[in-house]
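As a plain string of letters, each chain reads:
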Amino acid sequence: FHRGVYPPEIFDARRMYGVPVRQSRHKALNDYISHAILDAKQWIQNGMVESVVVAIEEASTHRQLERFVFEVSLDASGRHAR
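Reference entry: report on the structure contained in this document. (Residues numbered from 1 in each chain as written. Predicted model: local features only at pLDDT ≥ 70, side-chain atom pairs only at ≥ 80, totals over all residues. Heavy atoms only, no water.)

1. Side note on the overall build of the protein chain
Okay, step 1: A tally of regular secondary structure across the protein chain gives one helix and four strands.
Okay, step 2: Walking the protein chain from its N terminus toward its C terminus, one meets helices and strands in the order β-β-α-β-β.
Okay, step 3: Seen through its C-alpha atoms, the protein chain measures out along the principal axes to roughly 45 × 35 × 20 Å.
Okay, step 4: Buried residues in the protein chain amount to 9% of all 82 residues.
Okay, step 5: For the protein chain, restricting intrachain contacts to residue pairs at least 6 apart in sequence, the fraction spanning at least 24 positions comes to 11%.
Okay, step 6: Put simply, the protein chain shows about 7200 Å² of open surface, and 54% of that area lies on carbon and sulfur atoms. (Helix = DSSP H or I, 4+ residues; strand = E, 2+ residues; numbered from the N terminus. Buried < 20%, exposed > 50% of the residue type's maximum accessible area, 1.4 Å probe, protein only. Contact = heavy atoms within 4.5 Å. Areas by Shrake-Rupley, 256 points an atom, 1.4 Å probe, with all protein chains shown as cover.)

Right, dumping it as structure tokens:
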């Protein structure tokens, strides 16, 4: 929402854990995000990845605007390490 990647009219203002957030109403976008998260969860649980990268690109030029790297690990029992 704040980066202007998607049109602002597809988002609703909500509160989550007392924090104001924007939630998408766009089914295709929501489905895409849900599938990406489910895939990443499965890969993490199977020990197939060490990090997950979320990159935000400018649509017309594909220039990377932001990049977030989430490092993940599991302990010996297969549970998430803290």
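2. Considering the pairing of strand β3 (residues 51-57)
Okay, step 1: Pairing analysis gives seven bridges linking β3 to strand β4 (residues 64-71), with the strands arranged antiparallel. Note that in β4 the partner of V53 across the bridge is V69.
Okay, step 2: Linkage of β3 to β4, two consecutive antiparallel strands, is achieved through a turn of six residues, within which H62 is found at a positive phi near 60 degrees. (Pairing = 2+ DSSP bridges.)

3. Focus: the pattern of salt bridges
Okay, step 1: Applying the stated criterion to the full structure yields four salt bridges.
Okay, step 2: R14 is the salt-bridge partner of D12, the closest N and O atoms lying 3.5 Å from each other.
Okay, step 3: Its relative accessible area of 42% is what places R14 among the partly exposed residues.
Okay, step 4: K27 serves as the salt-bridge partner of D31, at 2.7 Å between the closest nitrogen and oxygen. A residue pair is termed a helical-turn pair when its members lie 3 or 4 positions apart in one helix, as D31 and K27 do in helix α1 (residues 27-45) at four residues.
Okay, step 5: Shared partners join several salt bridges into a network, and the residues in it are D12, R14 and R25. (Salt bridge = Lys/Arg side-chain N within 4 Å of Asp/Glu carboxyl O.)

4. Digging into the pairing of strand β1 (residues 11-16)
Okay, step 1: Of the strand pairs in this sheet, β1 and strand β2 (residues 19-24) are connected by six bridges, and their pairing is antiparallel. By the bridge assignment, D12 is partnered in β2 with Q23.
Okay, step 2: With antiparallel pairing between neighbouring strands as the criterion, β1 and β2 make up a hairpin whose turn holds two residues, including Y17 at a positive phi of roughly 55 degrees.

5. Thoughts on the environment of R22
Okay, step 1: Along the chain, R22 turns up in strand β2.
Okay, step 2: Exposure remark for R22: the relative accessible area of 40% places this residue in the partly exposed category.
Okay, step 3: Separated by 34 residues in the primary sequence, R22 and I56 place their C-alpha atoms 17 Å from one another.
Okay, step 4: For R22, the residues in contact, after removing those within four places along its chain, are F1, F11, D12 and A13.

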